Amino acid sequence: MLAVHFGAGNIGRGFIGALLYQADYHTTFVDVNEGIINEINEKQQYNVVLAAEESETLTVKNVSGINSITDPGKVIEAIGKADLITTAVGPNILAIIAKLIAEGLQKRIKTNDKSLNIIACENMVGGSALLKEHIYKQVTADEQQQFDKVFGFPNAAVDRIVPNQVNEDPLLVSVEPYYEWVVEKPAFKGEVPAIDGVTYVEDLTPYIERKLFTVNTGHVVPAYIGRSLGYATINEAMHDEKVQEIIRGALNESGEALIQTYHFDRTEHQNYIDTIIGRFMNPYISDEVTRVGRGPIRKLGPRDRIIRPASLYMDVTDKVPTYLVQVIVAALQYKNEQDEEAVKLQQMIAEQGYEKTLQTVSELDTHPLIAAVMKEL
Ligand SMILES: NC(=O)c1ccc[n+]([C@@H]2O[C@H](COP(=O)([O-])OP(=O)(O)OC[C@H]3O[C@@H](n4cnc5c(N)ncnc54)[C@H](O)[C@@H]3O)[C@@H](O)[C@H]2O)c1
Ligand SMILES: O=P(O)(O)OC[C@@H](O)[C@@H](O)[C@H](O)[C@H](O)CO
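Along each chain, the written sequence defines residue order, and numbers are assigned to residues from 1. Starting at A for chains and at 1 for ligands, labels are handed out in the order in which the entities are written. In keeping with the model being predicted, local features are shown solely for residues with a pLDDT of at least 70 and side-chain atom pairs are shown and tallied solely at 80 or more, while totals for entire chains, interfaces and linings include all residues. Hydrogens are left out, water is left out, and the side-chain values use all remaining heavy atoms of the structure.

- As recorded in an unreviewed UniProt entry, the chain goes by the name Mannitol-1-phosphate 5-dehydrogenase, listed as coming from Oceanobacillus polygoni.
- UniProt positions are given in the numbering used here, feature names are shortened, and annotations may be inferred rather than shown by experiment. Per UniProt, the comment on the chain under Sequence similarities (unreviewed entry) is "Belongs to the mannitol dehydrogenase family."
- The record held by UniProt for the chain lists under Catalytic activity (unreviewed entry) the comment "D-mannitol 1-phosphate + NAD(+) = beta-D-fructose 6-phosphate + NADH + H(+)".

Next comes the structure, spelled out in structure tokens:
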């Protein structure tokens, strides 16, 4: 079985690659990072280390790599033979890889009528559906009809904290032990792949929203509030009382929105929150606040981890979310010269002011949440 995986980064090697290996796939990683691709081809294996008191190491084998900048033809060829395609490149890169995937699918469909599924493993609602949209823009209406018959784009939610790696071995990835990979079953074409560790569900929406609006909503608190207090890592920030108060408050607010929308059991949801807070405090992981806070414009988007739970909370309770508003303020004030979106956000604020900037990035226009945030600035 051949899997073609786009993005040989933290989650690609540390999570998706590891599960695919255990499910007997050969994984061909596609990436633009020449160093990583060369290393994968040279070593043909890498280690995934579980960051815990009793650490374990999994050696991932049956891997190869293709540099999509220098060898696009090889990517097209691999797509022709693939049994599964997965991605973990970041939501903004989906439009870029769509071109090459479209070429691969156009060529494949001429000689191979086997069904193929393409799963985007990104932190967003509807990642695979968005990738499909980008791919379909590249092909004709006739081809779209042929694609509809054999290519599936099941949406997915992936959860495992994989920080930026600072190891001597460039392929080694240190990951937290916890993981969850949930994929929507009805969107599959042909057989559902047998991968241990994947949970197939009929409706992904409650799962992806629960994950994004708990794990990722919680995560931005030590990132943005932590950065404003001068902390460098999530773990350091999590030991600050103010961060602890805001994370509990923000997760109670997003929790209320989720519970009322999806009818989750209150006690189970509280346990989920407690588990996640415990994960952020894992002393064996060093995760930078700048990784977790990366891309603040994306993170302040209308369907992302801050704005969506805040507006949902207002819809279901008719109240202003005190803590999520503080997180929005901290996100708007987040500065990092190495982060293109953080620089752009500060430029927008300097040129247009907070209100107009927030209206633009959140697409909320005259929503009362905007006024609530403005009161705190
Ligand atoms: N790291 C985590 O804890 C985690 C957990 C769950 C989900 N995710 C999601 O997984 C995705 C990837 O995150 P990550 O942390 O692994 O990031 P990363 O930066 O470590 O990995 C992304 C990889 O994509 C590659 N890439 C960039 N442009 C490319 C292109 N045009 N073609 C092929 N490859 C390209 C990069 O070189 C890099 O190796 C994001 O959507 C993220 O939200 C991350
Ligand atoms: O990857 P992002 O930028 O969407 O979010 C940063 C982190 O919150 C994220 O990568 C988490 O570590 C991950 O979502 C845990 O499952």
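## Points about the packing of aromatic side chains
Consideration 1: Two rings belonging to Phe, Tyr or Trp (six-membered ring only in the last case) form a pair when the distance between their centres is within 6.5 Å. Interplanar angles under 30 degrees mark stacking, angles over 60 mark edge-to-face geometry, and anything in between is tilted. The full count for this structure, using the stated rule, is 9 aromatic pairs.
Consideration 2: The interplanar angle of 65° and the centroid separation of 6.2 Å between the aromatic rings of F29 and Y46 together place this pair among those described as edge-to-face. Of this pair, F29 sits in strand β2 (residues 26-31) while Y46 sits in strand β3 (residues 46-50), and the two are 17 residues apart along the sequence. The pair formed by F29 and Y46 is uniform in burial state, with each residue classed as buried.
Consideration 3: Taking the centre distance of 5.9 Å and the plane angle of 70° together, the rings of Y136 and F147 count as edge-to-face. Of this pair, Y136 sits in helix α5 (residues 127-136) while F147 sits in helix α6 (residues 141-150), and the two are 11 residues apart along the sequence. Here a helix means four or more residues in a row that DSSP labels H or I, a strand means two or more in a row labelled E, and each is numbered from the N terminus. When a residue's accessible area, from a 1.4 Å probe over protein chains only, is under 20% of the maximum for its type it is buried; when over 50% it is exposed; and in between it is partly exposed.

## Focus: the sheet that holds strand β12 (residues 198-201)
Consideration 1: With mixed pairing, the 3 strands of this open sheet are ordered in space as β9-β11-β12. Whereas interior strands pair on both sides, the edge strands pair on one side only; in this sheet they are β9 (156-159) and β12. Put simply, the sheet's adjacent strands are angled 15° from each other on average, direction ignored.
Consideration 2: In the sheet, strand β11 (residues 180-184) pairs with β12 via 4 bridges, with the strands oriented parallel. Its bridge partner being in β12, V182 is matched across the sheet by T199.
Consideration 3: In this fold helix α1 (residues 10-22) packs onto β9 and β11, with an angle of close to 70° to the strand it touches most, β11. By the convention used here, strands pair only if DSSP detects at least 2 bridges between them. Here an axis means a line fitted to C-alpha atoms, over the contact stretch when the element is a helix, while the angle between two N-to-C directions is reported on a 0 to 180 degree scale. A contact between two residues is defined here by any heavy atoms of the two lying within 4.5 Å.

## Details of unusual backbone geometry
Consideration 1: Here D318, not a glycine, exhibits a phi torsion of approximately 65°, which is positive.
Consideration 2: Its place among the elements puts D318 in the loop between α13 (307-317) and α14 (322-332).
Consideration 3: Overall, D318 belongs to the exposed group, its relative accessible area being 73%.
Consideration 4: Here the phi dihedral of D365 falls at roughly 55°; this positive angle occurs in a residue that is not glycine.
Consideration 5: Locating D365 in the fold gives a position in the loop between α15 (340-362) and α16 (368-375).

## Structural notes on the side chain of N10
Consideration 1: Looking at the secondary structure, you find N10 in helix α1.
Consideration 2: Contacts described as polar in this section are N or O atom pairs within 3.5 Å, which, within protein, must combine one atom able to donate a hydrogen with one able to accept it, while residues neighboring in sequence count only if both atoms come from side chains. Reaching out from N10, the side chain makes a polar contact with the side chain of N164 at a distance of 3.1 Å.
Consideration 3: The residues contacting N10, other than those within four sequence positions of it, are F15, V162, P163, N164, Q165, V173 and R291.

## Description of the sheet that holds strand β7 (residues 116-120)
Consideration 1: With parallel pairing, the 6 strands of this open sheet are ordered in space as β5-β2-β1-β6-β7-β8. A strand with exactly one partner marks an edge of an open sheet, and here the two such strands are β5 (63-67) and β8 (151-152).
Consideration 2: As paired strands, strand β1 (residues 2-6) and β2 are joined by 5 bridges and run parallel to one another. When the bridges of β2 are listed, L2 appears paired with H26.
Consideration 3: Its contacts with the sheet put helix α3 (residues 72-81) on β1, β2, β5, β6 (84-87) and β7, and the angle it makes with β1 is roughly 135°.
Consideration 4: Its contacts with the sheet place α5 against β6 and β7, and it is angled at close to 115° to β7.

## Thoughts on the site of ligand 1
Consideration 1: Proximity is defined per residue: any heavy atom of the residue falling within 4 Å of a molecule or strand makes that residue near it. As a structural note, the neighbourhood of ligand 1 is formed by 24 residues, with N10, I11, D31, E122 and V162 the closest of them.
Consideration 2: Within the backbone of N10, one N or O atom sits 2.9 Å away from an oxygen atom of ligand 1.
Consideration 3: Separating an oxygen atom of ligand 1 from a side-chain N or O atom of N123 is a distance of 3.1 Å.
Consideration 4: Coverage of ligand 1 by the protein amounts to 84% of the 820 Å² it exposes when considered alone.
Consideration 5: Elements supplying a minimum of two residues to the shell around ligand 1: α1, β2 and α4 (94-111).
Consideration 6: Note on residue classes: Ala, Val, Leu, Ile, Met, Phe, Trp, Tyr, Cys and Pro are nonpolar, Asp, Glu, Lys and Arg are charged, and everything else, Gly too, is polar. When the residues that make up the shell around ligand 1 are grouped by side-chain class, the tally is 14 nonpolar, 5 polar and 5 charged. Here, Shrake-Rupley sampling with a 1.4 Å probe gives the accessible areas, and only protein chains in the shown set may cover a residue.

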